[in-house]
Amino acid sequence: MDNGSTAAGATGAGMGGLLMGLLIGAVVGGVVALLFAPQTGNETRRMIKNRAGDIGNAFRGATRDMRETASRAGEQMRQSAAEMRQTG
């Protein structure tokens, strides 16, 4: 029997780490940019708004990928269960 469900589980766990890395990197990058970029308050607020949008987009993309990975893993598990029922 194929061990695809284990590989899918590992991929799902990797996506969680990727998501955390993206969020942490975005926050750190935003803080560094705010501290070292001399600009007006309006420019800073606009930059924060843009950065928040980027973080939201990254989060939505990562969660979409995680849902797809979980869906594929669930389908593989259903197929494996069906095969097991057929073989006895």
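About the thresholds
- Residues numbered from 1 in each chain as written.
- Predicted model: local features only at pLDDT ≥ 70, side-chain atom pairs only at ≥ 80, totals over all residues.
- Heavy atoms only, no water.
- Helix = DSSP H or I, 4+ residues; strand = E, 2+ residues; numbered from the N terminus.
- Buried < 20%, exposed > 50% of the residue type's maximum accessible area, 1.4 Å probe, protein only.
- Contact = heavy atoms within 4.5 Å.
- Areas by Shrake-Rupley, 256 points an atom, 1.4 Å probe, with all protein chains shown as cover.
- Salt bridge = Lys/Arg side-chain N within 4 Å of Asp/Glu carboxyl O.
- Expected span 1.5 Å × (residues − 1).
- Patch = residues over 30% accessible without salt bridge, like charges linked within 9 Å, V, L, I, M, F, W, Y side chains within 5 Å.

**Observations concerning the overall build of the protein chain**
Helix and strand counts for the protein chain come out as two helices and zero strands. In the protein chain, which comprises 88 residues, the share counted as buried stands at 16%. Here the contacts in the protein chain between residues at least 6 apart in sequence split such that 71% fall between residues at least 24 apart. By element, 62% of the accessible surface of the protein chain is carried by carbon and sulfur atoms, the whole surface being about 6,500 Å².

**Overview of the environment of G25**
Its location among the elements puts G25 in helix α1 (residues 4-36). Note: C-alpha distance between G25 and I55 (30 residues apart in sequence) is 9.6 Å.

**Some points on the pattern of salt bridges**
A side chain with one charge can pair with a side chain of the opposite charge if their charged atoms come near. Per the stated rule, a full pass over the model turns up two salt bridges. Note that R64 is salt-bridged to D65, the shortest N-O span being 3.7 Å. Classification of R64 by relative accessible area gives partly exposed; the value is 43%. Here R78 makes a salt bridge to E75, at a shortest N to O gap of 3.1 Å. On the criterion of helical spacing, the pair formed by R78 and E75 is a turn pair, its members being three residues apart in helix α2 (residues 41-87). The class of E75 is partly exposed, set by a relative accessible area of 36%.

**Things to note about α2**
For α2, built from 47 residues, the straight-helix expectation of 69 Å at 1.5 Å per residue is met to within 8% by its first-to-last C-alpha distance of 68 Å. G88, located one to two residues past α2, shows a positive phi value of around 120°.

**Some thoughts on a nonpolar patch on the surface**
On the surface, a cluster of nonpolar side chains totalling about 810 Å² of accessible area is made up of M20, I24, V27, V28, V31, V32, L35 and F36. Residue classification places L35 among the exposed residues on the basis of a relative accessible area of 63%.

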